[in-house]
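Okay, here's what each chain looks like letter by letter:
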Amino acid sequence: MAYEPAQEIVDAVGGPDNIASLTHCATRLRFQLKDGDKADKNTAEKIPGVLGAVPQSGDRFQVVIGGGVQNVYNEIMALPAMAGVGTGGGAAASGGGGAGESDADIKARERAKGPRGTNAWLDTLFEFLSDSFRPILGALLGASLFITFMALMATLDVIPAWNSPGVTLPPSWQFVNLMWQCVFVFLPLMVAYNASQKIGADPWVGFAIMAVMMLPGFTDLGQNDAATQTEFLGSKITTIPIFGVPLTIFDYSSQVFPPLLMAAVLGLVYKGLRKIIPENIQLIFVPFLAMLIMIPLTAFLIGPIGVYAGAALANLLSSINNFSPFIFAIVIPLAYPFMVPLGLHWPINAIMLLNIQTLGYDFIQGPMGAWNFACFGATAGVLVLAWREKDKQMRQTATGALAAGLLGGISEPSLYGIHLRYKRIYPRMLVGCLTGGLIIGIGSLILGLPNGITTQAFVFTSLLTIPAFNPIGLYAIAVLGAFVVAMVLVMISGYKNPADAELALAGATTATEDARIAGGAADEAAAVSNVAGGEELLPGAGAGVAGAAGGAAAGAAAGSATALATKGEGEATDVGALIQVASPLDGTAVGLDTVPDPVFAGGVMGPGVAVEPTGDTVYAPGAGTVVAAQPTGHAFGLQLDNGVEVLIHVGIDTVNLKGEGFDVKVKNGDRVETGTPLVTFDRAVIEKAGYPLITPVIVLNGDAFDTVDPVKLGPVSHGEPLLDIQKKA
């Protein structure tokens, strides 16, 4: 049985022979399998640290890891059996799979509960939509801040109303205006590139096809004497005969539906051309024939269809908003918490952009802000509770998620990292959404706003973009109400599920209780391997080692141990006693804050100390069991008999050496005593590669103890006391 987390994941998807390629995004491993039926979703989700797994159409399979996915990916690709597996680097293979996305932890698992994951065509559609937009979110976010800055300057009367018809800005401010227009004017080209790549066509061919409609010469055709004005569906359009066929002239700036439709058809054309054209001349004739077919088809048919389809969807939502801005302001913030986990919000983003392009304003983003700030408020409530409970892991998660939300308007870290894990949060957050929606709805009625709160730009709803909304006062009150209500309700009710709370309070007072809790020792052992196996992963974000964890559980049950402390050599450590952990290295003990890695230096993993090694061997710091011994030799997780869970991380970023310069002496499940060699390392190899040798020694379950302090800083030999750990009385 495989013990390493990387190997377990590979086994769960059918083994290395079933993997055609592997890529990753910000939180997920993306497997392209040869036979999707061989992947076992249930097995994958049982691996400790795997946050979710979902099979997809086209023999695709996603494994959700979290923020440390890069390290798990490195571990998998370092496996000898994976030497021949591709990384999906090509456009056709990867489909843009390597692009970053929002910081999500359990997205795939949640989407499997909805229509995605159960309907292949829906899964493919929304994956296509999300991957067409996700890579450009950074550019959209940057542009939205420029827009907000311009709106703020206009509000302060520094410049005139910059987006009003007939207003001419001074040249300096015109230049600033260009800083956001560059993104939105050429948005169709960005979408065309991403969508074409996702569909398996040459992305630059898709870019070039859409670029024809973006050329000044294309729009200038509408000024030709041969151009005529025609009324169609109540709107006046400009047409000009091209070889006798009427060509509709549109301004395609900021349009997103035409490039999406174009890419979908382009993918089919590419697939057909590759089947009929010999491989040795495909490089020349596939792009040429694709452009020959698609440029006229897009200009005459697909482009206009995309414009009218987008307009129809936008008009539908506009009609609902015009009928009752009050109802619309309530429905949108209550719907978004369920749309985002299912990935159903991407088409709405496209409609927002279309509203701005056609109407000059958008009416969706205002009510959407109530949902976002309710989400951020719930995260703030969790953060307050995490500080009270001294939960370092949750503090780190909530702090990062709250910063991403309030400053960037990004809800995914909060949603996937916290809210969907704890069922108590969602109802409280929905009350916040309702509060914000009611404030917007009632305020719109009182102020006589026919379209509710509007914005003239596509912005991310954050603190920084509040000035972009009109009226600012009503919007600010609404998002503040949503934030505060969600935050207070979470603080009052707590966020942990009842089962989690009971487990946290469970003690080891009777033999019966000991035996019951001993079954959870597997989870404790896996918690160590989560970090050791995931290198720089946050606790709980890496893949665990089921085999070693199971062994630890069995040993604990045999010895009538608890989940947090195991009786060793026939004696139990007294409650409130002082435990000492020995140094695993010869060297100089230094504070964790000197480690050149923010995760270790910030104490995210847990308390401890670091050692600047002078020798070349790492020894066991106490008697216990090895629950994670990486084949690369860079990290070890140990469950000591005294109940301490220790991570020893040899150097920083040394996982990238893939085992070069390391001679591992132990394997998972091995019994060790104080002073047992774990690994020897070649200092010259590590130093030549430019990686720091400083070695953090971390107590992963530090919250189970009153204090964890260095015995002293300075010179230390292996086997000498390094950490004083005070058990809770």
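This structure is a prediction, so every number in the text was calculated from the model and none was measured. (Residues numbered from 1 in each chain as written. Predicted model: local features only at pLDDT ≥ 70, side-chain atom pairs only at ≥ 80, totals over all residues. Heavy atoms only, no water.)

Student: Can you help me understand the overall build of the chain in this one?
Tutor: Scanning the chain from terminus to terminus reveals 26 helices and 23 strands. Contacts in the chain between residues at least 24 apart in sequence constitute 73% of all its contacts with a sequence separation of at least 6. Carbon and sulfur atoms make up 62% of the accessible area of the chain, which amounts to about 29400 Å² in all. (Helix = DSSP H or I, 4+ residues; strand = E, 2+ residues; numbered from the N terminus. Contact = heavy atoms within 4.5 Å. Areas by Shrake-Rupley, 256 points an atom, 1.4 Å probe, with all protein chains shown as cover.)

Student: Sorry if this is basic, but what is going on with the sheet that holds strand β22 (residues 714–716) here?
Tutor: Across a sheet, strands are paired by hydrogen bonds formed along the backbone, either parallel or antiparallel in direction. Judged by pairing direction, the sheet is antiparallel, and its eight strands sit side by side in the order β18-β14-β15-β16-β20-β12-β11-β22 without closing on themselves. In the strand order of this sheet, the two ends are held by β18 (671–672) and β22, each with one partner. Note that strand β14 (residues 624–629) and β18 share two bridges and pair antiparallel. Bridged to Thr625 within β18 is Arg671. (Pairing = 2+ DSSP bridges.)

Student: Teacher, can you tell me more about the nonpolar core here?
Tutor: Taken as a class, soluble globular proteins show a tendency for nonpolar side chains to be buried jointly. Judged by nonpolar contacts, the single largest core of 80 residues is most densely connected at Phe184, Tyr336, Ile364 and Trp371. Here this core takes 13 residues from helix α16 (residues 365–389), the largest share from any one element. Non-local contacts of Ile364, meaning those with residues more than four positions away in its chain, are made with Leu317, Phe328, Ile332, Ile348, Ile351, Met352 and Asn355. One finds Ala620, Leu657, Phe705 and Val708 within the second-largest nonpolar core, a separate group that totals 34 residues. (Core = buried A, V, L, I, M, F, W, Y, C linked by side-chain atoms within 4.5 Å. Buried < 20%, exposed > 50% of the residue type's maximum accessible area, 1.4 Å probe, protein only.)

Student: Whenever I open this one, unusual backbone geometry confuses me. Can you help?
Tutor: Across the chain, the bulk of peptide bonds are trans and the bulk of non-glycine residues have phi less than zero. A cis geometry characterises the amide bond from Asn470 onward to Pro471, with omega recorded as 0°. Along the chain, Pro471 falls in the loop between β9 (469–470) and α20 (472–493). A positive phi is found at Asp653, a non-glycine position, where the angle reads about 65°. Mapped onto the elements, Asp653 comes out in the loop between β16 (645–649) and β17 (662–664).

Student: I keep staring at the environment of His649 and nothing clicks. Help me out?
Tutor: Tracing the backbone shows His649 in strand β16. Along the sequence, His649 and Ala610 sit 39 residues apart, while their C-alpha atoms lie 9.3 Å from each other. Looking at His649, its side chain comes within polar contact range of the main-chain oxygen of Gly651, at 2.7 Å. (Polar contact = N/O pair within 3.5 Å; in protein donor to acceptor, adjacent residues only side chain to side chain.)

Student: Could you clarify how one ought to interpret the confidence of the model for the chain in this entry?
Tutor: Regions with low pLDDT should not have their predicted coordinates read in detail. Here the chain averages 78 in pLDDT, while 78% of its residues score no lower than 70. In this model residues 109–118 is a low-confidence stretch, pLDDT under 50, and it forms 30 contacts with partners more than four residues away in sequence or in other chains. Note on residues 499–574: pLDDT under 50 across the span, and 161 contacts to partners over four residues away in sequence or across chains. (pLDDT = per-residue confidence, 0-100.)

Student: Any chance you could explain the packing of aromatic side chains here in plain terms?
Tutor: The description of an aromatic ring pair uses the distance of the two centres, along with the angle that the planes make with each other. Under the criterion given, the structure shown has 10 aromatic pairs. Ring geometry for Phe250 versus Tyr252: centroids 6.0 Å apart, planes at 80°, classification edge-to-face. Comparing Phe250 with Tyr252, the two get one shared label, buried. With 4.0 Å between their ring centres and 15° between their planes, Phe469 and Tyr475 make a pair best called stacked. Assigned by exposure class, Phe469 and Tyr475 land together as buried. (Phe/Tyr/Trp six-rings, centres within 6.5 Å; stacked < 30°, edge-to-face > 60°.)

Student: Even after reading the chapter, I still don't get the sheet that holds strand β21 (residues 705–710), so can you show me in this structure?
Tutor: The strand order across the open sheet built from three strands is β10-β23-β21, with neighbouring strands paired in antiparallel fashion. In this open sheet, the two strands that pair with only one neighbour each are β10 (578–582) and β21. In this sheet, neighbouring strand axes are inclined to one another by 20° on average, regardless of whether the strands run parallel or antiparallel. Bridging between β10 and strand β23 (residues 721–727) involves five bridges; their strand directions are antiparallel. Bridged to Leu578 within β23 is Gln726. (Axes fitted to C-alpha atoms, helices over the stretch in contact; angles between N-to-C directions.)

Student: Where do I start with α16 in this structure?
Tutor: An α-helical turn contains 3.6 residues, so a residue and the one three or four places further along point in the same direction. Given a rise of 1.5 Å per residue, 25 residues ought to cover 36 Å, and the 36 Å separating the end C-alpha atoms of α16 matches this to within 8%. Within α16, 21 of the 25 residues are buried, leaving the element largely enclosed by the surrounding structure. In the stretch just after α16, Lys390 is the one whose phi turns positive, near 55°. (Expected span 1.5 Å × (residues − 1).)

Student: Would you mind showing me how to read the pairing of strand β15 (residues 635–640) here?
Tutor: A regular strand places its side chains on the two faces of the sheet in alternate fashion. Counting buried residues in β15 gives six out of six residues, a clear majority hidden from the surface. Going residue by residue along β15, you find Ala635, Gly637 and Gln639 tucked away on one face and Phe636, Leu638 and Leu640 tucked away on the opposite face as well. In sequence, β14 turns back onto β15 through a hairpin of five residues, with Gly633 there showing a positive phi of about 75°. Where β15 meets β16, five bridges bridge the pair, whose relative direction is antiparallel. Counted as the bridge partner of Phe636 is Ile648 from β16.

Student: For this particular structure, what's the right way to read a nonpolar patch on the surface?
Tutor: On the surface, Ile281, Leu283, Ile284, Phe285, Phe288, Leu292 and Ile293 cluster together into a nonpolar patch covering about 710 Å² of accessible area. Within the secondary structure layout, Leu292 lies in helix α13 (residues 282–323). (Patch = residues over 30% accessible without salt bridge, like charges linked within 9 Å, V, L, I, M, F, W, Y side chains within 5 Å. Salt bridge = Lys/Arg side-chain N within 4 Å of Asp/Glu carboxyl O.)

Student: Help me understand helix α12 (residues 257–276), please; the structure alone is not making it clear to me.
Tutor: The end-to-end C-alpha separation of α12 is 29 Å, in line with the 28 Å expected for 20 residues at 1.5 Å each. Turning to α12, its buried residues number three or more, namely Phe257, Pro258, Pro259, Leu260, Met262, Ala263, Leu266, Gly267, Val269, Tyr270 and Leu273.

Student: What am I meant to see in the pattern of salt bridges here?
Tutor: Between side chains of opposite charge, pairing is possible as soon as their charged atoms come close. Enumeration over the complete set of coordinates arrives at six salt bridges. A salt bridge links Lys41 to Glu45, with the nearest nitrogen and oxygen atoms 3.2 Å apart. Of this pair, Lys41 and Glu45 are both found in helix α2 (residues 41–46), four residues apart, which corresponds to roughly one turn of the helix. Take Glu45: its relative accessible area is 26%, and that puts it in the partly exposed class. Two residues, Asp670 and Lys667, come together in a salt bridge whose shortest N-O distance is 3.2 Å. In this structure Lys667 comes out as exposed when scored by relative accessible area, which is 54%. Connected via shared salt-bridge partners are Asp641, Arg671 and Glu673.

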